[in-house]
Amino acid sequence: MAQMTVKAAAEKYLKDLECCQLAGSCSDCFYGVCAHVCVTGLLIQASRKEGSVEKVDAGSCKSCYVESCYPCVITEDCCKYAACGVCISLIPNTYCAAKIGELYSFGTNVIARSEIMRQNGVALPGDVCCHSCFPGCFCTSCNDSAFVRAVKIRAANKKTAVTGLVF
């Protein structure tokens, strides 16, 4: 995956989605589907920490953030997102719980995506809600994973460039 700015990653993976447009690689889809909660937690973190998906910004769970497992990492936002999902699943009426869970997932995704785009000066598309309403059609989870992976690669390349400087 090539290095790109956070703005370019936001435009490619969060804004300019077309129906049935797959993310950059099979790995993006794998992580988007199998590590959905972790990827969503990283999206929330990126929206709150100005694009940072780094361990230093992982909150109280940073001791559980294993760099080599990225994006399958545990962050404070990941734990909060999962905990809310568990609480919603405890609602006795399963139909009601399912609808509240869908609304929670939809709202979280729209807010996190919108905030990341706003922070990076990316014009919000009118269909940002559509991307979250129909995640299967727009491969939203795969594109979310591609976004957090692209941001992490950029951060790693920045660190390498700074470490390689000779003083």
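Look up a bit, the structure's there.
Residues numbered from 1 in each chain as written. Predicted model: local features only at pLDDT ≥ 70, side-chain atom pairs only at ≥ 80, totals over all residues. Heavy atoms only, no water.

Side note on the pattern of salt bridges
By the definition in use, this model includes eight salt bridges. A salt bridge links Asp-144 to Arg-113, with the shortest nitrogen-to-oxygen separation between them at 2.6 Å. You can see Asp-144 sitting in helix α8 (residues 140-163) and its partner Arg-113 sitting in helix α5 (residues 94-119), a full 31 residues away along the chain. Its relative accessible area of 0% is what places Arg-113 among the buried residues. Members of the salt-bridge network, linked through shared partners, are Glu-54, Glu-67 and Lys-152. (Salt bridge = Lys/Arg side-chain N within 4 Å of Asp/Glu carboxyl O. Helix = DSSP H or I, 4+ residues; strand = E, 2+ residues; numbered from the N terminus. Buried < 20%, exposed > 50% of the residue type's maximum accessible area, 1.4 Å probe, protein only.)

Description of the packing of aromatic side chains
Counted according to the given criterion, the structure contains three aromatic pairs. Relative to Tyr-70, the ring of Tyr-65 lies with its centre 6.5 Å away and its plane at 40°, an arrangement referred to as tilted. Its relative accessible area of 11% is what places Tyr-70 among the buried residues. Between Tyr-81 and Tyr-104 the ring centres are 5.3 Å apart and the planes differ by 25°, which places this aromatic pair in the stacked class. Here Tyr-81 is found in helix α4 (residues 76-89), whereas its partner Tyr-104 is found in helix α5, with 23 residues between them in sequence. Classification of Tyr-81 by relative accessible area gives buried; the value is 8%. (Phe/Tyr/Trp six-rings, centres within 6.5 Å; stacked < 30°, edge-to-face > 60°.)

So, the side chain of Asp-77
Among the secondary structure elements, Asp-77 is positioned in helix α4. At a separation of 3.0 Å, a polar atom in the side chain of Asp-77 contacts the side chain of Arg-48. Once residues lying within four places of it in the same chain are set aside, the contact partners of Asp-77 are Gly-41, Ile-44, Gln-45 and Arg-48. (Polar contact = N/O pair within 3.5 Å; in protein donor to acceptor, adjacent residues only side chain to side chain. Contact = heavy atoms within 4.5 Å.)

Description of helix α3 (residues 36-48)
Look at α3: 18 Å from first C-alpha to last across 13 residues, which is about the 18 Å you get at 1.5 Å a residue. α3 sits mainly inside the fold: ten of its 13 residues count as buried. Regarding α3, the residues found buried are Cys-38, Val-39, Thr-40, Gly-41, Leu-42, Leu-43, Ile-44, Gln-45, Ala-46 and Ser-47. (Expected span 1.5 Å × (residues − 1).)

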